[in-house]
Amino acid sequence: MAAGGGGSGDPLSRAGVPCAFSPQNQAYFALASTDGHLRVWETGNNRLHQEYVPSAHLSGTCTCLAWAPARLQAKETPQRKKRKSEAIGTSEQIDLLALGTAVGSILLYSTVKGELHSKLTSGGHENKVNCIEWHQFNGCLYSCSDDKHIVEWNTQTCKVKCKWKGDNSSVSSLCISPDGKMLLSAGRTIKLWVLETKEIYRHFTGHATPVSSLIFTTLRPPNESQPFDGITGLYFLSGAVHDRLLNVWQIRSENKEKTAVMSFTVTDEPVYIDLTLSENKEEPVKLAVVCKDGQVHLFEHILNGFCKKPLTSNCTIQIAAPGKGKKSTPKPIPILAAGFCSDKMSLLLVYGSWFQPIIERVALNPKEPHMCLVRDISNCWAPKVETAITKVRTPVMNSEAKVLVPGIPGHRAANKLAIPQTEELENKRKLGENEVSIEERLGAMDIDSKKRKDDLPQTNSFPILLTQGLESNDFEMLNKVLQTRNVNLIKKTVLRMPLHAVIPLLQELTKRLQGHPNSAVLMVQWLKCVLTVHASYLSTLPDLVSQLRTLYQLLDSRVKTFQKLSHLHGKLILLITQVTASEKTKEMSCPGQKAKLVYEEESSEEESDDEIADKDSDDNWDEDEDEKESEKDEDADEENEDEDAEEKDDEENGEDRDMTSEKELNGDSDLDPENESEEE
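Residues numbered from 1 in each chain as written. Predicted model: local features only at pLDDT ≥ 70, side-chain atom pairs only at ≥ 80, totals over all residues. Heavy atoms only, no water.

This part takes up the overall build of the chain. Of regular secondary structure, the chain possesses 16 helices and 29 strands. Buried positions account for 36% of the 680 residues belonging to the chain. Restricting to contacts in the chain with at least 6 residues of sequence separation, those with at least 24 account for 51%. Carbon and sulfur atoms make up 51% of the accessible area of the chain, which totals about 44,700 Å². (Helix = DSSP H or I, 4+ residues; strand = E, 2+ residues; numbered from the N terminus. Buried < 20%, exposed > 50% of the residue type's maximum accessible area, 1.4 Å probe, protein only. Contact = heavy atoms within 4.5 Å. Areas by Shrake-Rupley, 256 points an atom, 1.4 Å probe, with all protein chains shown as cover.)

Given below as structure tokens:
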């Protein structure tokens, strides 16, 4: 009933280090430290029981661990039949410990033999294992990973029994129901699965970050009058990353309520959780929560329905080291884990350092709301340091011993010791010579005048730092390398890095691209260099699509709005250029130019009128146009009248001609030559 986490550079990973108490009376405490070592401590006498170092402890560090249930023993296939007494003795002693690694494999370690029992790899996970759960009845093992899948293992054959997709994102936690028929899985949401059919029975939503722990809190429903189907009415507890609330959920028959019924508040993110199960409705649930700030919060509450306000702790436990002086303040000692003993009235506390923890049993006092234990842990580490120092001894040189120097055997050159410069200066002073100059004194002091640049690592050390940071998942070391802005330095680092570190670097860049936009700008430069330099290597990988799927989805989501932004950018540039062009034209003034020669021609009154009309302002342009139109109309009327008059004259002249012609024909010409001349 514990939940421990694995520390890593991922900001959304659970805090703490994987650790757990053994199910048999909590006789052992197992923890996997950050250096990849598995250490098993005896809780009774605080003594190191066993230490195991996996072969790939640096690349495949332990991310989670789980003890096998007490009733399950390691079933081996012996080559010969054993006696009954021998078989019983070995079966009672053997306890298996399952270890999940960062590369997706699962190791089964036997604490009795002190060696690796078996290894589960084929057909399993392709990414980091986040949680491991043993089935309390059939001996199967359930695991979840960042590859979004849940795997059911057969520990006897070391093969996959069933594998199914648990979530759209990574699955972070698992828990099996008390009757062994249901399975809780959690990523962003919590799902309840039917193990027989692998179908979803219920959904629960309420956490904003990945869920780090899932624990069932009750064995029987509070209302015992109704028939019990094994799951309806039970309560379970969940805690999330960076969340200071522990939510309690109830599984109901109707699928209406999906939110938590109550919550417990703590001071910081939970690192380790342990509780005592409630077997009936009158027995309260006791909860011990170890927070990231090193405190333990104890809760005691009867789960009987909905509670609106978050519940606070009944007792808080802290451990501090005494100061050296009278006025010095005590220093807090972090508590790493806590577990209830079998009597439920005492608590096992693990505090100090992960490499050498101290395990102590503390009796609980329900009347004290706050307990501060003063412990001096300096004595626990001092003997080991002293023994390590005393092992180093300097050899005693005898005056009769001969020192051999490298060279040709049988030949020994006379070693002439060079007189140091300081002795020469002293001899000069004694002889009464001139005083030594300051330059010679500084040379005798052997001062290195070259300035050392320790702030920034050299170019040739960047690939080494990057490779070490990716293998050890060191967040600070990766920041020191990836936060550089020098493009040439980035190209040289990518060129000199080994090929096996290309895919881990791309995965690290994908995680950082999802962070702050300022860091994403730097990561894009690294990503561009990696894809251009190592394109030939990446094209040879068969599973490149599955490994870079997350990066492709991220880039696709970012580029969706690029076309709209480019259209908007083009329109804005067009508007800005037009505005700037109009402003420039306004600012420009016509230069004053004087003509060298002016020629004026004598013109008529019409031309002068035209010149005057041309000089009129633009405001009277419409009036001039109207006048011109009216003048045109008048000219047209006059032309029409002239045409009519001409037609009438023509008609009259025609009549006169006719009359004269008739008179000529008749000989009646009365006109005299004089009159004709007058008429003409």
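So, on to the sheet that holds strand E12 (residues 159-165). The 4 strands are arranged E9-E10-E11-E12 in an open sheet whose pairing can be described as antiparallel. Where the open sheet ends on each side, the last strands, each with one partner, are strand E9 (129-134) and E12. Geometrically, the sheet is characterised by an average inter-axis angle of 20° between neighbouring strands, direction not taken into account. Examined bridge by bridge, E9 and strand E10 (residues 141-145) share 5 bridges and lie antiparallel to one another. Note on E10: the bridge partner recorded for Trp-134 is Leu-141. (Pairing = 2+ DSSP bridges. Axes fitted to C-alpha atoms, helices over the stretch in contact; angles between N-to-C directions.)

This part is about the environment of Asp-35. Among the structural elements, Asp-35 can be located in the loop between strand E2 (28-32) and strand E3 (38-42). In the structure, Asp-35 is positioned 27 residues away from Cys-62 in sequence and 9.3 Å away in space, judged by C-alpha atoms.

Before going further, it helps to examine the sheet that holds strand E15 (residues 190-194). The 4 strands are arranged E13-E14-E15-E16 in an open sheet whose pairing can be described as antiparallel. Of all strands in the sheet, those with a lone pairing partner are strand E13 (173-176) and strand E16 (199-204), marking the two edges. Ignoring which end each strand starts from, the neighbouring axes of this sheet average 20° apart. Inspection of the sheet shows strand E14 (residues 182-186) paired to E15 by 5 bridges, in the antiparallel sense. Along E15, the bridge assignment pairs Met-182 with Val-194.

A general tendency of soluble globular proteins is for nonpolar side chains to be buried together. The biggest cluster of nonpolar side chains holds 35 residues, and the ones touching the most others in it are Val-296, Leu-298, Ile-317, Leu-347 and Leu-349. Beyond its immediate chain neighbours, meaning those up to four positions away, Ile-317 contacts Gln-295, Val-296, Leu-298, Ile-335, Leu-347, Leu-349, Leu-364, Met-371 and Leu-373. Residues Phe-462, Leu-489, Val-530 and Leu-548 belong to the second largest nonpolar core, which totals 32 residues. (Core = buried A, V, L, I, M, F, W, Y, C linked by side-chain atoms within 4.5 Å.)

Our focus in this paragraph is the packing of aromatic side chains. Under the counting rule described, the total for this entry stands at 9 aromatic pairs. Their ring planes at 85° and their centres at 6.3 Å tell us that Phe-21 and Tyr-272 sit as a pair that is edge-to-face. In this pair, Phe-21 sits in strand E1 (residues 19-21) while Tyr-272 sits in strand E21 (residues 270-276), placing the two residues 251 residues apart along the sequence. Tyr-272 carries the same exposure label as Phe-21, and that label is buried. (Phe/Tyr/Trp six-rings, centres within 6.5 Å; stacked < 30°, edge-to-face > 60°.)

What follows covers the UniProt feature "repeat: WD" (unreviewed entry) in the chain. Taking the numbering used here, the UniProt-annotated feature "repeat: WD" (unreviewed entry) corresponds to residues 122-157. The span residues 122-157 is 0% helix and 47% strand, and its two end C-alpha atoms sit 11 Å from each other. (UniProt positions renumbered as here; feature names shortened; annotations may be inferred.)

Moving on, we come to the confidence of the model for the chain. With 69% of its residues at a pLDDT of at least 70, the chain reaches an overall mean of 77. Every residue in residues 448-457 scores below 50 in pLDDT, and together they form 5 contacts with partners more than four places removed in sequence or on other chains. Low pLDDT, under 50, characterises residues 668-680; the stretch is placed with 4 contacts to residues that sit more than four places away or in other chains. (pLDDT = per-residue confidence, 0-100.)

Attention now goes to the pattern of salt bridges. A complete count under the given rule lists 9 salt bridges for this structure. Among the ionic pairs, Glu-152 bridges to Lys-198, the shortest N-O distance being 3.5 Å. Here Glu-152 is found in strand E11 (residues 149-154), whereas its partner Lys-198 is found in the loop between E15 and E16, with 46 residues between them in sequence. For the pair shown, Glu-152 and Lys-198 are each scored as buried. We note a salt bridge from Lys-344 to Glu-283, for which the minimum N-O separation is 3.1 Å. On the criterion of sequence distance, the pair formed by Lys-344 in the loop between strand E26 (335-340) and strand E27 (346-352) and Glu-283 in the loop between E21 and strand E22 (285-291) is long-range, its members being 61 residues apart. The class of Lys-344 is partly exposed, set by a relative accessible area of 27%. Its relative accessible area of 22% is what places Glu-283 among the partly exposed residues. One network of salt bridges, in which partners are shared, links Glu-152, Lys-161 and Lys-198. (Salt bridge = Lys/Arg side-chain N within 4 Å of Asp/Glu carboxyl O.)

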